[in-house]
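This is what each chain is made of:
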Amino acid sequence: MSKSSTPLLTVRDLAISFRTHRGTLRVVDGVSFDLAEGECLAIVGESGSGKTVSAMALISLLSRKQAIIEGSVKFKGRELVGLSEEALRPIRGGGIGVIFQEPLSALNPVTTIGEQIAEVIVAHRKLSWKEAHKLAIGYLEQVEISQPDQRAKQFPHQLSGGMRQRAMIAMALSGEPSMIIADEPTTALDVTIQAQVLDLLRRTTTERGAALLLITHDLGVVAETADRIAVMYAGQIVETGKAAQVLREPASPYTRDLVTSVPSFAARGKKLSTITGMVPSPDAFPAGCRFAPRCRYAISACTSAVPPLEELKDGRLVRCIRTKEVLDGTAAGKRTAAATRKGSTR
Amino acid sequence: MIKYALKRIALGVTIMLGSTVLIYALLLAAPGGPEQKYALNPKYTAAQKEGYLKSLGLDQPVPVQYCRWLGACRRDAEGLDALVGPTGFPSFLPSSISGVYTGLIHGELGYSYFNGESVADLIATAALPTLILAGLSIVIWLTLAVIVGVYTGVKSGGRLDNSVTTVTYVLSTFPTFLLGFMLMFLFAIVLDLTPVDGMVNGRESPAFGSDLYWQYFSSSPITALLDLAAHLVLPVMTLVIVSFSGDSRYVRASVIDSLSMEHVRTARAKGLTRARVLVRHALRTALVPFATNIGLALPFLFGGALITESIFSWPGIGRLTLQATNNLDYPVLMSILLIGSVMVVIGNLVADLLYAILDPRVRL
Amino acid sequence: MSSNATKTKPAPSGLAPKVSESPWAQARRRFFAGRQGPWGLRILGFIVLFVIVGPFLAPYDRFSVPAPSEFVFLGRPPSFEHIFGETAQLQLDVFMLTVNGGRGSLLIGFVSAIGGITIGTFIGIISGYFGGKLDGFLMRIVDVFLAIPSLFVIIVGARIISELGGTGLMTVIIVFVAFGWMGTARLVRGQVLALREMEFIEAARALGVSPVRIALRHVLPNAVGPVVVSFPFAVGGAIIGEAFISYLGFGVSPLSPTWGNMLSNSQQFFLQGNWWWVGFPGLFIVLTALSVNMIGDALRESLEPEGRRA
């Protein structure tokens, strides 16, 4: 994995607004992150946090009539925001591939799998249809679909959910892109298949040195696969950093609550911890920090202005003025836990 | 697939037979009919009138008449004897076995009560004009509907779309016969561009379909064709305008719907050309429901131009139906209705099959 | 785990506040927010008003015939005295005829539609909800009726009715209702079948709600959507259908005018130059058909909004 100094993808102050019949609504605000070559960055957040919208906006997949995209998205140094459809075309699929959440609706129901993969190859790699079809079978093999030559002639509804998602992965890979955006790739799958598909996704991207932008709400998925994490809440990024670090020592209150709310074996017998309240909807974002109404570290200063994204000593970015208390709290919690463990072995 | 088709055909046949029973019952339940011709005429004695009725078989009870029409009863016998043919086999069996040659099952459609001609001949003569008119109209309106529908669907919301949609909307609610009148008034009277009605110019050419006509046709084909074309303009325009406006809106809605589908987004995300995204992904799924329209146009071929034919005095099946209805000419009516039902059933079947071909999810 | 945060007020975001609405209220809002629906209602309202108020506006009795000195065979064109002109031959006032004709046509339209839809809904619910042999039997009948090209049926039906001696409005209405309930029946049955399997119905059953109450309180309101949408189209179809069979001579007798039989009487004079006798009833038919279609489409869009992606 070659490491060059400029990141593959640079997103700065991405803001997305939608035109609705009730007015223009800003849904995503000031999203900034980098994606290095070959790395896996997971964007984590609850539904409604704006993560899918942000990912779709990168290659302008949102409806041009309804969505307004501001900010900067640079892919390999080239600015993508504001590009025409025609200019974006070679990048989509050829530079950046996409895997969607629900393969049954994302795949064309009346066209064969093989053809849907072949057309990506033909569009981006200037090969004939015959060659493209042969290559398509090869990709199906790579995603571990049995009898790929037969499967290629079948239609999406004839495959199982797991196979469909693998086919989608094959489709994304066939353009030989430098990065792949995977929007909740395992959410629609059975738990038993989730791990397989995820593993496959990570392996195939690593093998090629392709970066992976993983959108998910599942922290378990993140822990396994991601190198770095960006946490989103109510349309903003609240924390980014190395995956292990963010999960073990969250620096923002939201991340901390998120992590502790995952039921764990160690906390067996204790009350399930939850986050009180609900995620605010875009038409009712609070002034100031958007998590403040639900945050137990909140002080009055939190509600007066939106905290900026600040860099910590270890290179992490956090959007919170109470970071120190959060980190202390985690440390304290660990000490208590350790003490309890010592005490309970009696 | 074959099983499916066969099942559907069997179902269709039963439904058709059911409808013939219904219509026959209705027709015969109504008073009036052939005897009206002579009912008030003092020249004919009661006995003669009765004899006339008897010759047509109208003195028999309704179920018997139906049975004879169907071909399961012999015409020249009464009561239960009629159920068995001269050879001793049941009458409904094929002619060579039962010796019965009358009735629908044996391919005999009867004779008109009105003018005594063979129903089969009457229908055959009237079928060609209708086929020409309806066939031409269908091809034109389907093509236009797809073109306009796709274009306005893709460009939906734009100014062109808005104006076209408004126009087609108003046109689609226009009753056919009013439109026919208006067009007739405009083009034939005011502008004097086209003939008023009819199929051929009565002063110059023999009636369409007759032997004289075909002689005329072969001797001067260009004049005859031009004459035909001139007469086709108004009725075809009428049919096309009303039908295409409705269908194009249907296609447009379908296209708009399909453009917002997820797999179209996937196609865009794959970086395919605009053309391919549109044609191979959006249109491919958008036009599937439209296939049913094509199938349903089939019965239209046969009887749907009824209104237009009557306005423009087009010598087709429509006009034949109207005459027969006026005269309560049962044999003609029954045969027309039967063939009409057959076309409806076939049309439905074709629509279903087309759908199954186009949409692999539907295949059985 | 209590929070010591202060409650924050939502930031003003320039949007209208969301008020929670019932589906009916939502549909109504959408209906009146568009342009089609309200305009359709306005046009139809104008026509209905015209038909009701008309007779009081014009001084003529519709049977009044002018003096012989004013005899014009083709009838006089629109003038101040006769706003819509006169008919040919008898020179009756076209305005009065149109108004009275409107009453006839609209009556046929609405009553046929109501009758057909009521019967259709009733049969559809029974068939769909109780299923089994009853359903099979009823649907076979529907299929048989529907297999016959509808024009044929209506024409033959009308002819028979006219033969039986009744050529009044009632008989035409009966023919339309008798041959028009099938479409609604099938539609409603389809809805009921789909609803029957839905979980909220299962839930009601599990809670022990009586079948009748389920049918009336849960199934009916949800099945009624497409029926409501089809109502305006049924009215329009009946009016045009009546116009057509009257034009063919099978419909209502000229003694009680409808727009349709006005057309049938006037068409022979149309090509000779009397355009107003055909034109005005024709205009009203077109306007009625248009308005009714607009209402129907607006209803359909407000009850089932197209392509709304949340």
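The preceding data block contains the structure.
Throughout what follows, the structure given in this document is the object of discussion. (Residues numbered from 1 in each chain as written. Chains lettered and ligands numbered in written order. Predicted model: local features only at pLDDT ≥ 70, side-chain atom pairs only at ≥ 80, totals over all residues.)

**So, the overall build of chain A**
Counted only if it meets this: Secondary structure elements follow DSSP: runs of H or I no shorter than four residues count as helices, runs of E no shorter than two count as strands, and numbering proceeds from the N terminus. When we talk radius of gyration, it's over C-alpha atoms, and the globule rule is simply 2.2 Å times the number of residues to the 0.38. Around each residue's C-beta, the other C-beta atoms within 10 Å are counted; 20 or more make the residue buried, 12 or fewer make it exposed, and counts in between make it partly exposed. All C-beta atoms are placed from the backbone. Residue pairs are scored as contacts if the distance between their C-beta atoms, which are placed from the backbone, is within 7 Å.
Along its length, chain A carries 14 helices and 12 strands. Against the 2.2 N^0.38 benchmark of 20 Å for 346 residues, chain A shows a C-alpha radius of gyration of 22 Å, consistent with a compact globule. The buried share of chain A, taken over its 346 residues, is 46%. For chain A, the proportion of contacts with a sequence separation of at least 24, taken over those separated by at least 6, is 64%.

**Thoughts on the overall build of chain B**
In terms of regular secondary structure, chain B is built from 16 helices and zero strands. Intrachain contacts of chain B at a sequence separation of at least 6 include 68% that bridge at least 24 residues.

**A few points about the sheet that holds strand β10 (residues 236–242) of chain A**
All names here are of chain A. Worth spelling out the cut-off: Between any two strands, pairing holds if DSSP finds at least two bridges. Each axis is a line fitted through C-alpha atoms, taken for helices only over the stretch in contact, and angles between the N-to-C directions span 0 to 180 degrees.
Taken together, the eight strands give an open sheet; going across it, the order is β6-β7-β8-β3-β9-β10-β12-β11, and neighbouring strands pair in mixed fashion. Of all strands in the sheet, those bounded by a partner on one side alone are β6 (96–99) and β11 (310–311). Where strand β3 (residues 40–44) and strand β9 (residues 228–233) come together, four bridges link them in parallel fashion. If you follow A42 over to β9, its bridge partner there is I229. Contacting β3, β7 (179–183) and β8 (211–216), helix α9 (residues 191–208) runs over the sheet at an angle of about 155° to β8.

**Re the packing of helix α4 (residues 132–147) of chain C against helix α6 (residues 169–196) of chain C**
Residue and element names in this part refer to chain C. Applied cut-off: Angles below 35 degrees are treated as roughly parallel, those above 145 as roughly antiparallel, those between 65 and 115 as roughly perpendicular, and all remaining angles as oblique. The handedness criterion is simple: a crossing whose near helix is rotated anticlockwise from the far helix by less than a right angle is left-handed, and one whose near helix is rotated clockwise is right-handed. Three categories are distinguished: nonpolar for Ala, Val, Leu, Ile, Met, Phe, Trp, Tyr, Cys and Pro, charged for Asp, Glu, Lys and Arg, and polar for the others, with Gly belonging to the last.
At a closest axis distance of 10 Å, the pairing of α4 and α6 adopts a crossing angle of 125°. Compared by their axis directions, α4 and α6 come out oblique. The chirality of how α4 crosses α6 is left-handed. Two secondary-structure elements touch here, α4 through V142, F145 and L146 and α6 through F179, M182, A185 and R186. For the contact of α4 with α6, the per-class residue count stands at six nonpolar, no polar and one charged.

**Considering the nonpolar core**
For soluble globular proteins, the rule of thumb is that nonpolar side chains tend to be buried together. Quick note on the threshold: Defined on buried residues, the nonpolar core groups Ala, Val, Leu, Ile, Met, Phe, Trp, Tyr and Cys residues joined through C-beta atoms within 7 Å.
Residues M179(A), L212(A) and L213(A) are the most contacted members of the largest nonpolar core, which totals 247 residues. At 15 residues, helix α8 (residues 211–248) of chain C tops the list of elements feeding residues into this core. With near-sequence residues (within four places) excluded, L212(A) lies in contact with C40(A), M179(A), I180(A), A182(A), L201(A), R202(A) and T205(A).

**Quick notes on the pairing of β10(A)**
Residues in a regular strand project their side chains so that they alternate between the two faces of the sheet. Residues and elements named next belong to chain A. In terms of burial, β10 is a largely internal element, six of the seven residues being buried. As judged from the six bridges shared by β9 and β10, these two strands associate in the antiparallel manner. Across the sheet, residue Y233 finds its bridge partner in β10, namely Q236. Linking β9 to β10, which pair antiparallel, is a turn of two residues; within it A234 sits at a positive phi near 50°.

**Structural notes on the sheet that holds strand β2 (residues 23–35) of chain A**
Residues and elements named next belong to chain A. Here we have four strands laid out as an open sheet, ordered β2-β1-β4-β5, and antiparallel in their pairing. Every interior strand has two partners, whereas the edge strands, β2 and β5 (78–79), have only one. Sheet topology note: the strand β1 (residues 9–20)/strand β4 (residues 67–75) ladder contains eight bridges and is antiparallel. By the bridge assignment, L9 is partnered in β4 with F75. Lying over the sheet, helix α1 (residues 51–58) contacts β1, β2 and β4, oriented at roughly 110° with respect to β1.

**Concerning the environment of A195(A)**
Looking at the secondary structure, you find A195(A) in helix α9. Using a count of 14 C-beta atoms within 10 Å as the deciding quantity, one classes A195(A) as partly exposed.

**Description of the environment of V64(B)**
All names here are of chain B. Mapping V64 onto the fold places it in helix α4 (residues 62–70). For V64, a count of 15 C-beta atoms within 10 Å translates into the label partly exposed. Each C-alpha atom of the pair V64 and G79 lies 8.3 Å from the other, and the pair is 15 residues apart in sequence.

**Comments concerning the packing of α8(C) against helix α9 (residues 259–270) of chain C**
The angle between the axes and the distance between the axes are what describe a pair of packed helices. Residue and element names in this part refer to chain C. Two numbers describe how α8 lies on α9: the axes approach to 7 Å, and their chain directions differ by 35°. Classified by chirality, the crossing of α9 by α8 is right-handed. Side by side, α8 and α9 meet where E242, A243, F244, S246 and Y247 of the first sit next to W259, G260, N261, L263 and S264 of the second. Taken together, the residues of the contact of α8 with α9 sort by class into five nonpolar, four polar and one charged.

**Details of unusual backbone geometry**
Residues and elements named next belong to chain A. For A234, which is not a glycine, the phi torsion comes out positive at approximately 50°. With respect to the secondary-structure elements, A234 resides in the loop between β9 and β10. Given 24 C-beta atoms within 10 Å, A234 falls into the buried group.

**Observations regarding the pairing of β7(A)**
Residues and elements named next belong to chain A. Counted residue by residue, β7 has five buried out of five residues, so it is predominantly covered. Of the two faces of β7, the one carrying M179, I181 and D183 and the one carrying I180 and A182 are both buried. Where β6 lies against β7, four bridges are found, and the strand directions are parallel. By the bridge assignment, V98 is partnered in β7 with I181. Two elements, β7 and β8, share five bridges in a ladder whose sense is parallel. Its bridge partner lying in β8, M179 is registered against A211.

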